[in-house]
Amino acid sequence: MKSFLATPFFIFALSQLASAQPVPQYDWAEDSAERDRLLRVTAPTTDFTQAEKFEANPGGATSSDADGRERLSQPSANLPQDQRMNFTLGEALFDKFWVAAPSSTKASDGLGPLFNARACQSCHIRNGRGRLPENDGEQPVGLAIKLIDTARQMGDPIYGDQLQLFASGKVQPEAKVAISYHTETVKLDDGEQITLHHPIYEIDNLSHGPIDTAIEISPRIAPPLIGMGLIDQIDPNDILAQADPDDHDGDGISGKANLKGDQLGRFGLRADVHNLVQQVANAFSVDMGLSNSKHHDDWGDCTSAQTECRTAPGGTQLNLGKHEIPQKVLDLTAFYTANLAVPKRKNTSDPTVLKGKQAFYDAGCVSCHTPKYVTKREEVAGGNSFQLIWPYSDFLLHDMGDALADRTQSGTVGTREWRTPPLWGIGHTKAVADQERYLHDGRARNLKEAILFHGGEAETAKQNFMALDRTTRDHLIQFLKSL
Ligand code: HEC
Ligand code: HEC
């Protein structure tokens, strides 16, 4: 990676060096004096004797003080009073259980016929991550299984882009999924043993015969949704400045931007979506079978081979618009996700946490988990504008090694590549969902396991973690839990 020590000149030089990928030129929003000042503010710290200024507010002025199970469901603290109603309306839509058409509650119908969940919140539990089944036979709701034919860059000719495990009316669910694990014991340098769980997916009860042989699956668990508007507001130049796809600086860490034309993807576990409204529109259509301005079909992810699904009644009401999800509903739901606050940190000055923070830096975790940014100053972004934020991510794709690979490739991204996930709020996982599940498919049951699955570009950082003495390692975990 190219570190945040990058000066504007360095960034310029970098764009000249850049790889085969065409690098779009974005205008810097600010004058160069301000840019220099911001680079100083966002440079990684070297002082671990005390907490950094503002570190306790990972979302800047948007950070909330909430506690309890709904701690990830709070509005940005600086959300103006006149926008709180929109947040509340968006929340109701996010929590709403959609039903199949036709129904008596007209404004809630249109679900499916094929779907993965009835509500956004069924997967993003209390705006945290999805849960995986703990009982045999239970279907994974918060896990989307994407179907990808890499050679042809398309989904399955019958089952579409994603396996829907639920269906309404006379339509059958597409399949049943069982997840089992084979375990591997990893011995750390000081003798501590950690068990890693490698998932194995078994797909049966397929409603329309076998899945095409060219299809590979990409299981992905629902990620937490805090701070989405802040992430949206990070200057693309700040993300691109860290990309080093050909590893010119030779530090073993490249980092690749997911660019489609001049659009920089930053949402989704492979950063393939560049815009929050698009991400929400995709969810309405693919996960719940609800049409909207970006996906016009009432039947969502049903293909023409699934006639019973395509001919089932839709839920569009022409008095509300052309789609099951009118534009206003889409916008309010996106507004809600854009303004979910990141909780304030409580124990940033705790000596244990500070030692753990130092270990996190020393191990090289910050090469990808970039601590901080200042978001772009733009009036339309409301309270998300010009905030010092601490997401701990570079929002780039990294080769994470074989253990985390699936066999799918979307465009130029795959099979071992994942977007560095933000780490803010990660310490609240258990309190919010009663379960800890980390990494793109939720395989890791605790933070140590998540770290030990790192490989590829993160191999050295992982080795550094493994070589720590037990106390320092525990401090590092304490630091993560304090985020
Ligand atoms: C079936 C479970 C499921 C449902 C239902 C669902 N999501 Fe998601 N969501 C996911 C998964 C899985 C991802 C990661 C997608 C990927 O990597 O392709 C995701 C990603 C997202 C992201 C991007 C997060 C990030 O870190 O980049 C947003 C925002 C989001 N969902 C919002 C919503 C909203 C709003 C709804 C309701 C309209 C919704 N989701 C419904 C599973 C779900
Ligand atoms: C080369 C870049 C890179 C480095 C270095 C790196 N990580 Fe990561 N980290 C990632 C990526 C990418 C993922 C997501 C992998 C996946 O989902 O399969 C991830 C995931 C995680 C997660 C799970 C997050 C979640 O929401 O599920 C934790 C915790 C984490 N990293 C901690 C660390 C620590 C601690 C270190 C240093 C020892 C470290 N990482 C070093 C790129 C990196």
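Note that the structure is predicted; figures quoted are calculated from it, not measured. (Residues numbered from 1 in each chain as written. Chains lettered and ligands numbered in written order. Predicted model: local features only at pLDDT ≥ 70, side-chain atom pairs only at ≥ 80, totals over all residues. Heavy atoms only, no water.)

Along the backbone of the protein chain there are 14 helices and 15 strands. For 483 residues, the compact-globule estimate of 2.2 N^0.38 gives 23 Å, and the C-alpha radius of gyration of the protein chain, at 22 Å, lies within 12% of that figure. Dimensions along the principal axes, computed over C-alpha positions, put the protein chain at roughly 65 × 55 × 45 Å. (Helix = DSSP H or I, 4+ residues; strand = E, 2+ residues; numbered from the N terminus. Rg over C-alpha atoms; globule rule 2.2 N^0.38 Å.)

In this section: the coordination of the iron atom of ligand 2. The coordination sphere of the iron atom of ligand 2 contains the protein donors His-369 (NE2) and His-454 (NE2), at a distance range of 2.0 to 2.1 Å. Every donor counted, the 6 donor atoms about the iron atom of ligand 2 form angles of 86 to 179° at the centre, which fits octahedral coordination. Taken together, the positions of His-369 in the loop between α10 (351-362) and β10 (373-374) and His-454 in the loop between α12 (447-452) and α13 (459-467) put the pair 85 residues apart, joining distant regions of the chain. An identical accessibility class is assigned to His-369 and His-454; each is buried. (Donors = N, O, S within 2.8 Å, 3.2 Å for Na, K, Ca; no water. Tetrahedral: all angles 85-135°; square planar, octahedral: opposite > 155°, others 65-115°. Buried < 20%, exposed > 50% of the residue type's maximum accessible area, 1.4 Å probe, protein only.)

Turning to the site of ligand 2, a few remarks are in order. Taken together, the neighbourhood of ligand 2 is formed by 25 residues, with Cys-365, Cys-368, His-369, His-440 and His-454 sitting nearest. Separating an oxygen atom of ligand 2 from a backbone N or O atom of Leu-439 is a distance of 2.7 Å. Partitioned by chemical class, the residues of the shell around ligand 2 number 16 nonpolar, 6 polar and 3 charged. (Near = heavy atom within 4 Å. Polar contact = N/O pair within 3.5 Å; in protein donor to acceptor, adjacent residues only side chain to side chain. Nonpolar A, V, L, I, M, F, W, Y, C, P; charged D, E, K, R; others polar.)

Around ligand 1, 29 residues are found, and the nearest of them are Cys-120, Cys-123, His-124, Gly-268 and Leu-269. One nitrogen or oxygen atom from the side chain of His-124 is found 2.8 Å from a nitrogen atom belonging to ligand 1. One nitrogen or oxygen atom from the side chain of Asp-287 is found 3.3 Å from a nitrogen atom belonging to ligand 1. Of all the secondary-structure elements, those providing two or more residues to the shell around ligand 1 are α4 (120-123), β2 (143-149), β7 (215-221), α7 (276-287) and α9 (327-338). Among the elements that make up the shell around ligand 1, the one with the highest residue count is α7 (6 residues). Here the residues of the shell around ligand 1 sort into 19 nonpolar, 6 polar and 4 charged. Both of domain 1 (8-80 + 226-274 + 338-481) and domain 2 (108-220 + 278-322) provide at least three residues apiece to the shell around ligand 1. (Domains from an automatic or database assignment.)

Further remarks concern the coordination of the iron atom of ligand 1. Protein coordination of the iron atom of ligand 1 rests on one atom only, His-124 (NE2), at 2.0 Å. Note that His-124 resides in the loop between α4 and β2.

Attention now moves to the pattern of salt bridges. This structure, assessed with the given rule, holds 26 salt bridges. Among the ionic pairs, Glu-70 bridges to Arg-126, the shortest N-O distance being 3.8 Å. One end of the pair, Glu-70, is in the loop between α2 (32-42) and α3 (81-95); the other, Arg-126, is in the loop between α4 and β2, and 56 residues separate them in sequence. Residue Glu-70 is classed as partly exposed on the basis of its relative accessible area, which comes to 39%. As a salt-bridge pair, Glu-378 and Lys-376 come within 3.8 Å of each other at their nearest N and O atoms. Judged by its relative accessible area of 30%, Glu-378 falls in the partly exposed class. Its relative accessible area of 18% is what places Lys-376 among the buried residues. (Salt bridge = Lys/Arg side-chain N within 4 Å of Asp/Glu carboxyl O.)

Right, let's talk about the packing of aromatic side chains for a bit. Pairs of aromatic rings are described using the distance from one ring centre to the other and the angle between the two planes. The full count for this structure, using the stated rule, is 9 aromatic pairs. Judged by centre distance (5.0 Å) and plane angle (70°), the rings of Phe-48 and Tyr-361 are edge-to-face. Residue Phe-48 is found in the loop between α2 and α3, and its partner Tyr-361 is found in helix α10; the two are separated by 313 residues along the sequence. The same class applies to Phe-48 and to Tyr-361, which are both buried. Grouping aromatic residues by their ring pairs yields a cluster made of Phe-87, Phe-94 and Tyr-336. Geometry around Tyr-181 places Arg-445 over its ring, the cationic atom sitting 4.7 Å from the centre. (Phe/Tyr/Trp six-rings, centres within 6.5 Å; stacked < 30°, edge-to-face > 60°. Lys NZ or Arg CZ within 6 Å of the ring centre and 35° of its normal.)

Attention now goes to the domain arrangement of the protein chain. Splitting the protein chain by domain gives domain 1 (8-80 + 226-274 + 338-481) and domain 2 (108-220 + 278-322). Using only C-alpha atoms to locate each centre, domain 1 and domain 2 end up separated by 27 Å. Counting residues at the interface gives 43 residues for domain 1, matched by 35 residues for domain 2. Each partner contributes to the roughly 3,300 Å² buried at the junction of domain 1 and domain 2, and carbon and sulfur atoms together form 51% of this total. Counting every contact that joins domain 1 to domain 2 gives 6 salt bridges. Of the charged contacts in the structure, one is a salt bridge between Glu-192 and Lys-448, with a shortest N-O distance of 2.9 Å. Where domain 1 touches domain 2, the interface holds 17 residue pairs in polar contact (both at pLDDT 80 or more). (Contact = heavy atoms within 4.5 Å. Buried area = accessible area lost by both parts, 1.4 Å probe.)

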